[in-house]
Amino acid sequence: MMNITAPLSKPLHRDSRPAIAMALVVLTLMLLAVARPIDHDESQYVAAAVLAWGKLPYRDFAYLQTPLQPLLFAPIAALAGTFAYPTLRLTNALLGAITIAMVAAAAREGGAPARVAYACAGLFAACDIFLFSVCVARNDALPAAMLAGACWLVLGTANGKGSRRVAMATGMLLAGAAAAKISYAVPAAAYGLYALFDRNHRPVALTLGAAPLVALVGWLWLIAPGAFWFEVIGFPVRAPIDWYAGGPKAAKLSMLSKLFDMLKFLALGPALLALWAVARQGLPRPRTRAVDLLIVAGLVAALLPMPTWRQYLLPLLPPLFIRLGIAWHARPPSSTQRVVAIILACGGIAASLESLALAARDGLPMTQAARDSAAIAAALDSARITGPIATLSPQFVPATARPIDPRFATGPFFYRSRALLDSRQARRWQMIGSDAALPIMPPPAALLIGGEDRWTSGNGTIDAALRRHPPFDRWRPLPVASSRFRLYAPPPAQRMALTRLP
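Caption draft 1: Here's a closer look at the overall build of the chain. For the chain, the count of helices and strands is 21 helices and 4 strands. In terms of overall size, the chain behaves like a compact globule, its C-alpha atoms giving a radius of gyration of 24 Å where 502 residues would be expected to give roughly 23 Å. For the chain, the spread of C-alpha atoms along the three principal axes comes to 75 × 55 × 55 Å. When the 502 residues of the chain are sorted by exposure, 53% land in the buried category.

In structure tokens form, the structure reads like this:
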């Protein structure tokens, strides 16, 4: 009979070390998630997750990405309630930890020994691209985890472990990544084409696995075709030109600037070293051909948007560091390469360490966000305002227990556009731009200003433009116990009619 107390008398088993390391990774990423500065990029993702509990993207509110994340995260945001914003950050941190684990598992599936696989997963985790992307409430962590999981299955298939179920799971993961962020459609399409030429990857089963996600995206397209096309395709292509062209940052749209930015972001961590080590192996080997193709596809996906930001390079990293583990198993790194890897890893985590240092000095940004939201809620309580809040920083609204005005679900990103849509079309698709001269009708219950500014990597002139937008230009300020935020409301006689949007 098995003695269930026996393990208690033995020293810690070596096999438990990966689990302990994984727990430390989860705790570290969660700490970084609450220590990272607030970023205005988070606005639309928090708003979408909150609004998607009972509403549909494109039909009921604007969402400038493919739709999977808000649909999956809506129950999480609903359960979190007033803690939706920090909970969504912590959810992404957990997904980041899963991505690291899948990179290690995939490298081992590719033949790398445990020590090499874990080292390469650690180098992956030390990239600033990764750390930023998974420690804020954006839409990067979910598709990255799905892509890393798909890489693990792809390598298993290349090793002869493929089956119909594995192919269906791979198709579902790759389609899910693309349904969460459109740039992941490039790796998904690349692997789909590869499967047509290598039948061991079962293209029919792959397609069947992708079909439910394709059907979901297609259904949302059919019920709001114009809004879907503009928000998912048209806006990402046209908005950067609209915002940067003719301004002080117009050079960001040049190819030279793109190449410089890509090198800069890749250099904040060991990604450039990984690219060099993988390229050094020469032509792809049969077992790694599919992963090598995913690396190229991730690079293409990063090159397509204009301008380039660090999170755009994330699709490249999981297959790259998986492939690094395989390359270093075949040709172990020299002592020089190891030293360079450590130095680059230190550079990659520098920004995260700075965030922790600033949080230790000034307090956690998530704690300060909670204080600000409590002050806003107290001001709204005092004025007896319970209706929807208009703001370019909707990530702060859930903590006030008030609804977000769905017309401002995109945060500052559509509002700052100048001529992408005419006023009638924008209003039909539940959006309001700064070029609209007509008053916002029906008006929301209150206006929140202050979250779109330099302290959130934003631009205060956009918030100022919203403050001047009719009817807000005639509204009265409410006292708020926060140095960052300002609250405005219509005269008391008009407030009772504004408790909810029709």
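We are not done yet, so read on.
Caption draft 2: Inspection of empty space enclosed by the protein at higher detail. Taken as a whole, this structure holds 4 cavities of 30 Å³ or more when the rule is applied. The volume enclosed by the largest cavity comes to roughly 60 Å³. Considering only residue class, the lining of the largest cavity consists of 4 nonpolar, 2 polar and 2 charged.

Caption draft 3: Representation of the pairing of strand S4 (residues 486-489) within the structure. Pairing analysis gives 3 bridges linking strand S2 (residues 446-449) to S4, with the strands arranged antiparallel. If you follow Leu 448 over to S4, its bridge partner there is Leu 487. Sheet topology places strand S3 (residues 476-478) next to S4; 3 bridges connect them, and they run antiparallel. Bridge pairing in S4 links Leu 478 to Leu 487.

Caption draft 4: Summary view of helix H2 (residues 42-51). Burial analysis of H2 places 9 of its 10 residues in the buried class, which makes it a mostly covered element. On its buried face, H2 sits against helix H3 (68-80), helix H4 (84-109) and helix H18 (412-415).

What counts as what
Residues numbered from 1 in each chain as written. Predicted model: local features only at pLDDT ≥ 70, side-chain atom pairs only at ≥ 80, totals over all residues. Heavy atoms only, no water. Helix = DSSP H or I, 4+ residues; strand = E, 2+ residues; numbered from the N terminus. Rg over C-alpha atoms; globule rule 2.2 N^0.38 Å. Buried < 20%, exposed > 50% of the residue type's maximum accessible area, 1.4 Å probe, protein only. 1 Å grid on protein atoms, 1.4 Å probe; cavity = no way out; pocket = protein on both sides within 12 Å on 5 of 7 lines; lining within 4 Å. Points joined across faces, edges and corners; volume = space filled by probe spheres on them. Nonpolar A, V, L, I, M, F, W, Y, C, P; charged D, E, K, R; others polar. Pairing = 2+ DSSP bridges. Contact = heavy atoms within 4.5 Å.

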